[in-house]
Amino acid sequence: MKMEYDYYFTWTKQIISPKLKVKSTKGNYFILSGGEKVFDAISTNFQAILGHSNKKITKSIQTQLNQMPIASPKAIFDLKNESTKLLIKFLKLKEGKIFYTISGSESVENALKLARQISGKKYILARKKSYHGATLGALSATGDWRNEKHFSLSNYTIRIPEPEEDPSLEKTKKIIKNIGATKLACIILETITALNGVIVPQKKWWNGIQKLAKDNNILLIIDEVTTGFYRTGTNFAFHKYKLKPDIVCMAKGITAGYIPFGAVWTSKKIARYYDKNILSCGLTNYAHPLGLAAMNSVIKQLNNKNFKTSFKVLQDYFYNNLEKIKKLPNVKSIRSSGLLSAIELNNVKNINWQKAINYGLHLAVNNNLIILAPPFVVTKNDLKQMFLNLKKLILD
Ligand SMILES: Cc1ncc(COP(=O)(O)O)c(C=O)c1O
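Residues numbered from 1 in each chain as written. Predicted model: local features only at pLDDT ≥ 70, side-chain atom pairs only at ≥ 80, totals over all residues. Heavy atoms only, no water.

1. Examining the domain arrangement of the protein chain
Here is step 1: Domain annotation for the protein chain reports domain 1 (14-54 + 306-395) and domain 2 (56-303).
Here is step 2: Its C-alpha centre places domain 1 at a distance of 26 Å from the equivalent point of domain 2.
Here is step 3: Between domain 1 and domain 2 the total buried area reaches about 2300 Å² when both faces are included, carbon and sulfur atoms providing 60% of it.
Here is step 4: When the buried surface of domain 1 facing domain 2 is broken down by residue, Phe46, Asn54 and Leu340 rank first, second and third, together holding 27% of it.
Here is step 5: Linking domain 1 with domain 2 are 0 salt bridges, by the criterion used here.
Here is step 6: Here domain 1 is connected to domain 2 by 15 residue pairs in polar contact (both at pLDDT 80 or more).
Here is step 7: Among the elements of the structure, helix H1 (43-46), helix H11 (305-326), strand S11 (331-337), strand S12 (340-345), strand S14 (364-366) and strand S15 (369-372) are those that each provide at least two residues to the side of domain 1 that touches domain 2.
Here is step 8: Of all the elements, H11 adds the most residues to the side of domain 1 that touches domain 2, at 4 residues. (Domains from an automatic or database assignment. Buried area = accessible area lost by both parts, 1.4 Å probe. Salt bridge = Lys/Arg side-chain N within 4 Å of Asp/Glu carboxyl O. Polar contact = N/O pair within 3.5 Å; in protein donor to acceptor, adjacent residues only side chain to side chain. Helix = DSSP H or I, 4+ residues; strand = E, 2+ residues; numbered from the N terminus.)

2. A word on the site of the ligand
Here is step 1: Around the ligand sit Ser103, Gly104, Ser105, Tyr131, His132, Gly133, Glu190, Asp223, Val225, Thr226 and Lys252, and those are all the residues in its vicinity.
Here is step 2: Between the ligand and serine 105, the relevant distance is 2.5 Å, taken from an oxygen atom to a side-chain nitrogen or oxygen of the residue.
Here is step 3: Between the ligand and lysine 252, the relevant distance is 2.9 Å, taken from an oxygen atom to a side-chain nitrogen or oxygen of the residue.
Here is step 4: The fraction of the free accessible surface of the ligand (390 Å²) that becomes covered by protein chains is 81%.
Here is step 5: Looking at the shell around the ligand, its residues break down into 2 nonpolar, 6 polar and 3 charged. (Near = heavy atom within 4 Å. Areas by Shrake-Rupley, 256 points an atom, 1.4 Å probe, with all protein chains shown as cover. Nonpolar A, V, L, I, M, F, W, Y, C, P; charged D, E, K, R; others polar.)

3. A few points about the state of the cysteines
Here is step 1: For the structure on display, the rule yields 0 disulfides.
Here is step 2: The thiol of cysteine 186 is not disulfide-bonded; the next cysteine sulfur, from cysteine 249, is found 9.5 Å away.
Here is step 3: Its relative accessible area of 0% is what places cysteine 249 among the buried residues. (Disulfide = S-S within 2.5 Å. Buried < 20%, exposed > 50% of the residue type's maximum accessible area, 1.4 Å probe, protein only.)

4. Examining the packing of aromatic side chains
Here is step 1: The tally for this structure, following the rule as stated, stands at 24 aromatic pairs.
Here is step 2: Summarising the aromatic geometry, the rings of tryptophan 206 and tyrosine 241 are spaced 6.0 Å apart at their centres and angled 50 degrees between planes, so their arrangement reads as tilted. Residue tryptophan 206 is located in helix H7 (residues 203-215), and its partner tyrosine 241 is located in the loop between helix H8 (237-240) and strand S9 (247-250); the two are separated by 35 residues in the primary sequence. Note on accessibility: tryptophan 206 and tyrosine 241 belong to one class, buried.
Here is step 3: The ring of tyrosine 29 is capped by lysine 37, whose NZ or CZ atom sits 4.4 Å from the centre of that ring. (Phe/Tyr/Trp six-rings, centres within 6.5 Å; stacked < 30°, edge-to-face > 60°. Lys NZ or Arg CZ within 6 Å of the ring centre and 35° of its normal.)

5. Some points on the sheet that holds S15
Here is step 1: One open sheet accounts for 4 strands, arranged S11-S12-S15-S14; its pairing is antiparallel. Unpaired on one side and paired on the other, S11 and S14 mark the two borders of the sheet. Geometrically, the sheet is characterised by an average inter-axis angle of 20 degrees between neighbouring strands, direction not taken into account.
Here is step 2: Against the sheet, H11 contacts S11, S12 and S15, and its axis sits at roughly 165 degrees relative to S11.
Here is step 3: Each of S11, S12 and S15 touches helix H13 (residues 380-395); the most contacted strand, S15, lies at about 175 degrees to it. (Pairing = 2+ DSSP bridges. Axes fitted to C-alpha atoms, helices over the stretch in contact; angles between N-to-C directions. Contact = heavy atoms within 4.5 Å.)

6. Regarding H7
Here is step 1: The end-to-end C-alpha distance of H7 is 18 Å, a good match for the 18 Å that 13 residues give at a rise of 1.5 Å each.
Here is step 2: Three or more residues of H7 are buried, namely Trp205, Trp206, Gly208, Ile209, Gln210, Leu212 and Ala213.
Here is step 3: Where H7 is buried, its residues meet strand S5 (123-127), strand S6 (157-160), helix H6 (170-179), strand S7 (184-190) and strand S8 (219-223).
Here is step 4: In the stretch just after H7, asparagine 217 is the one whose phi turns positive, near 60 degrees. (Expected span 1.5 Å × (residues − 1).)

Quick look at the structure:
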C-alpha cells in the first residue's frame, strides 16, 4: 500500500489519523484547501494565544532575524538580559533564574533533572490525570494513556490521588510517609489540569500540597505549560492560589506559538546551588534569539492594561454562553477557568475531532470531554459563531 504522506501524525494510528488540510491561517481561523473557514477554538494546541496574524510578534521576530538570528548559549546580549527580566517580573516571584528550552517537554525534563540533582533523591510524586510532555522523563511524570508502552522511568514515579478524592490530603500524607520523604525529590503538578479535564483544585488542597512539600523538604514543581501566560485570567494560574513554587515550567503561550520555545524558572536557593555546582543541562538552541524576540512581544502585549480589560469582557461573554450550553440535554457538567473550559458530555458516540472540523470548529476532544481554549484576541462575534456551531455539534 502506498503511503499517503511521508511524515507522521502525532499520537494516532497513521491510517485513521484525523487531518486538517490547510491552505493558510488568518486572524483566528484556518482556511482549508477547499476555502472553508475553521475557527481555532483551542488556540491550535493551546499555544496560539494571540491568534495567527499578530503583527507585533512577527515584527519583533523579523527585527531580530535581521539583527542576529542565531546565538551561542554562552552569549550575553541586550534582548536576552531585558527579556529575562521581563519574564521574571511577569512571574511575580521577584528573584530566581531562568533556564531556557524549546518546548514544554524539555521544560519539564530539565525541571526534573534539576530537582533530582539538587535533592540527590530519585522519586517523584505526580497525579494520574496529568500530561507533562512526550520525552521519557516528562512522560514518566505523565499519568494519562500516553505513559504506556515506552518503558518510561515511571518506576520512580508515585501517584497521588486526585484533589476530589483526597481533599484534606490524608491519603497523600500516608503515601509520603510510606515511601519516606528522604526518598522524594519533588512533586510535579499542573496548577489546573488542562487537557485531562480542566480540573480546578480547591485553594485548600493547593495550600495543603504546598505545606506538605515544605514540611517534608520536597521540591514543588509547577507545570504552567498550558495554564501560563494568562490562559486562566491571571499571568499564571499559580497566582490565583498565591503559591510559592521552587520551579515553574513554561512553554506554549510564552511565544504564542510563533517560535518553539520554553523556560524553567527556579528559586534563588536553587540558583545559588548552581553557583558552585555544575549545571548539567544544556541545549544547542538555548535562549534562541528568535524565541526571546517573540516572548518579549507576547509579555508586553499581555502587560497592556487594555488587554486585561478586553480579556475580562470576553471571559464574561464566554461564561454566559457556556451557561446556555450547560442546559443542552447531552451535557453533564462544565468546568472553566479564564478562557479555558471542559464540557463533559453524557454521551460521545457522535462527537469526534473530524466532525467538529466539519462544523467549522478546531477544538480538542478527549473521551467524553470537549476542551475549548480560544485565542485571547477573538471578537464577541467569533465566540457567538463558535457557540452556535458548538450547539449544533452537540445536538447532532
Ligand atoms: C501541562 C503540559 N505540560 C507539558 C506539555 C508538553 O509540551 P510540549 O508539547 O511543548 O513539549 C504539555 C503539552 O500539551 C502540557 O499540556
